[in-house]
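Okay, here's what each chain looks like letter by letter:
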Amino acid sequence: MLGGHVGIEGDSEKIVNFLPSGQFHWFAKKSDRHSLYAVHSISNFYAILGSDPKDVKYAIVYVPVTEQQKQKFDSISAAYLQQTPYDYALLGMRCGAAVYEILAQLNVFTEYSIKKTSTKIFYPKKLRKRLLHMAERNGWTVIYQEGTSRRKWEKD
């Protein structure tokens, strides 16, 4: 089962993440955006897909950032929380692509157009694999929780 959800914790207990809001869109619409950026606590973030947070499988990658990158993240997230820059759509931006787009602005990843980002990072596993590869190569800390055995989880 492909799926999951992705966000960025820039401050303790505050995870910024991209979500659908309103009518489902197959294709992104610039003039009719049904999306939002939101901030969730850790437990609320892990409950987004309807699971008990203690049963969720996750990987947390600690990406070291400079003070300038942190300031830029704070600026980007404040702007995106006020007004989403793109529509949430099945064939468009979703949570993984949205996180990639922010990390690219912070020079963690290569920056692409919104269309190319949404194509390259079609679902969370595409982002997760890139982050885990970078973490291994750069010695970044990664914390895993295996999740409940009652659910069939996506394999990496």
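Residues numbered from 1 in each chain as written. Predicted model: local features only at pLDDT ≥ 70, side-chain atom pairs only at ≥ 80, totals over all residues. Heavy atoms only, no water.

## Observations concerning helix α3 (residues 95–105)
- The buried fraction of α3 amounts to 11 of the 11 residues, a majority that puts the element mostly inside the structure.
- All of the buried residues along α3 are Cys-95, Gly-96, Ala-97, Ala-98, Val-99, Tyr-100, Glu-101, Ile-102, Leu-103, Ala-104 and Gln-105.
- Next to the buried residues of α3 lie β1 (8–11), β2 (14–20), β3 (35–40), α2 (67–82), α4 (114–120) and α5 (124–138).
- Where α3 ends, the next residue or the one after it, Asn-107, has phi of about 65°, a positive value. (Buried < 20%, exposed > 50% of the residue type's maximum accessible area, 1.4 Å probe, protein only. Helix = DSSP H or I, 4+ residues; strand = E, 2+ residues; numbered from the N terminus. Contact = heavy atoms within 4.5 Å.)

## Some words on the pairing of β2
- Among the 7 residues in β2, 5 count as buried, and that is most of the element.
- In terms of strand pairing, β1 meets β2 through 3 bridges, oriented antiparallel. Across the sheet, Asp-11 pairs through a bridge with Lys-14, a residue of β2.
- Taking the residues that link successive antiparallel strands as the turn, the β1-β2 hairpin has 2 residues, and the phi of Glu-13 there is positive, at about 70°.
- Note: β2 against β3, 6 bridges, orientation antiparallel. Within β3, the residue paired with Ile-15 across the bridge is His-40. (Pairing = 2+ DSSP bridges.)

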